Amino acid sequence: MGSNIKMNTERIKGDISILANIVDQDRPLYTRRPFTGEYLKSRKWLKEEMEKAGLTVSVDAASNLIGERKGSRPELPPIMIGSHTDSVVGGGRFDGIIGVLGGIEIARQLDEQDVRLEHTLLIVDFTAEEASEFGISTIGSRGMVGNLNKEILERVNHDGITLREGLEQLGGRPSELEKEKKKNGDISLYLELHIEQGPVLEQTGHELGAVTGIVGIRRYKVTCHGQANHAGTTPMNMRADALAAASEVILSIEYVANQSYSTQIVGTVGRLFVEPNASNVVPGKVVFDFELRSLESDVLDEAIENIGQSIDSIAVKRTLDITIEPLSVSDGIIINEDVVEGVFHSCQEVGSSLRLPSGAGHDANQIASIAPVGMVFVPSQNGVSHSSDEWTDYELVTKGIQALWNTLIYFDKQFK
Ligand code: GLV
Ligand code: MN
Ligand code: MN
């Protein structure tokens, strides 16, 4: 299958450290939110590294940073390798980052070893993969495949900036999204290297994973409208306590996600705002987001219906209004078996490998609407991710890049 190329672990380690230092100094380590000064700075560095690797660099309408290396058969649609370099608040040094840096390392190796692929190769740093202030994730990959509508582009973040303006600040051209959007047949294959972000590879003693499917995610915004009032003078039976209502809704989400379904489901409330947020005031308003994830859309539909019913009965019982608004939808995907096998055997050449699904969402979910996708996982120490404790040994990151290289070389010959 692939040629056994020796990746440069020291160089990869150096790259990861450089990005780990371009972070928001006023927030917990290692925060690099999109549409911020740190993000722009890291983009500038990535662009320079792409150019040094011999790539021709551009920014597309959705503000994704793209490095291109021409193939020997320009009539073939390109193979794309991508991931993201934004983080959650207090996120890690590896999530998304090793996928982009791995792509750049592969471009360097192709350049240094003077290997000419048949397909043109695109290395992409997708804009804002993590859940954003605009209520959606995977902004850049959505934009690339025409899945960012007008309503989403006009959403405003806490700095009063619309998503449209945010994309422009990164060099994107939102007015050209429709014209530039990629369609079926425009990409031969999309590949992504990522940390597993869960415990399975480590606990089963595997060094690499070939991803078989990726969960879909539904996110909603819930607003509990109570009545702010004096915490000392308002009798318990005369309150419309928005936070007590929200607490009941949150426990009902946990309850619904804990039931058994044909496919596993998880549900989370990770962000909540209380007004006025004072210890001697009955809370008047609570706004929170919740998300549900599963590989199967039907299971998500069933769960959201159950949550809707609970919310209605909690609102009636507590005589206050609770509204629920959809924020984003992404469907789960099952990865094409031939691609899983190609990835799996490319991984096996490097280390012991396992086929497994992904509980995290990825840019691959979006690209799957126009092209076959494949993903390589490397283990996450103690299964920890979305935390500054996130860790994967550099030797394992290197093995992941080697597996990605093997996969690329294999499919370069296969996909015509
Ligand atoms: C992305 O990391 C996600 O799964 O939310
Ligand atoms: Mn990620
Ligand atoms: Mn993430």
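Preceding this paragraph is the structure being described.
Computed from a predicted structure; not experimentally measured.

### A few points about the coordination of the manganese ion (ligand 2)
Phase 1 of the analysis: Here the manganese ion (ligand 2) is held by His-84 (NE2), Asp-95 (OD) and His-194 (NE2), and the distances to it run 2.0 to 2.2 Å.
Phase 2 of the analysis: Donor residues for the manganese ion (ligand 2), ordered by position in the chain, follow H-x10-D-x98-H.
Phase 3 of the analysis: A gap of 3.5 Å separates the manganese ion (ligand 2) and the manganese ion (ligand 3), which Asp-95 links by coordinating each metal. With a gap of 99 residues between them, Asp-95 in the loop between β3 (79-84) and α3 (97-112) and His-194 in strand β5 (residues 189-195) connect regions that are remote in the sequence. Assigned by exposure class, Asp-95 and His-194 land together as buried.

### A few points about the environment of Arg-164
Phase 1 of the analysis: By the secondary structure assignment, Arg-164 is in helix α6 (residues 163-169).
Phase 2 of the analysis: The spatial distance from the C-alpha of Arg-164 to the C-alpha of Lys-70 is 31 Å, given a sequence separation of 94 residues.
Phase 3 of the analysis: Setting aside residues no more than four positions away along its own chain, Arg-164 makes contact with Leu-153, Glu-154, Pro-174 and Ser-175.

### Concerning unusual backbone geometry
Phase 1 of the analysis: Cis rather than trans, the peptide bond between Leu-29 and Tyr-30 has omega equal to -10°.
Phase 2 of the analysis: Mapped onto the secondary structure, Tyr-30 falls in the loop between α1 (9-21) and α2 (37-52).
Phase 3 of the analysis: Along the chain, Glu-275 connects to Pro-276 via a cis peptide bond; the corresponding omega equals 0°.
Phase 4 of the analysis: Take Pro-276: it is sitting in the loop between β9 (266-275) and β10 (281-282).
Phase 5 of the analysis: In the Ramachandran plot, Gln-197 falls in the positive-phi region, its phi being about 70° despite a non-glycine side chain.
Phase 6 of the analysis: Checked against the element boundaries, Gln-197 lands in the loop between β5 and α8 (200-204).
Phase 7 of the analysis: Assessed through its relative accessible area of 17%, Gln-197 is described here as buried.
Phase 8 of the analysis: Positive phi, close to 65°, is recorded for Asn-277, a residue that is not glycine.

Calculation notes
Each residue is numbered by its place in its chain's sequence as written, counting from 1. As they are written, the chains are lettered A onward and the ligands numbered 1 onward, keeping that order. Since the coordinates come from a predicted model, pLDDT governs what is reported: local features require at least 70, and pairs of side-chain atoms require 80 or more to be given and counted, while whole-chain, interface and lining totals use all residues. As a rule here, side-chain values come from all non-hydrogen atoms in the structure, and water together with hydrogens is ignored. Think of the donor list as every N, O and S atom within 2.8 Å of the metal, or within 3.2 Å for Na, K and Ca; water never makes the list, so a site can look incomplete. Numbered from the N terminus, helices here are DSSP runs of H or I no shorter than four residues, and strands are runs of E no shorter than two. Between buried and exposed lies partly exposed: a residue is buried under 20% and exposed over 50% of the maximum accessible area for its type, with that area taken using a 1.4 Å probe on protein chains only. Should any heavy atoms of two residues lie within 4.5 Å, those residues are considered in contact.

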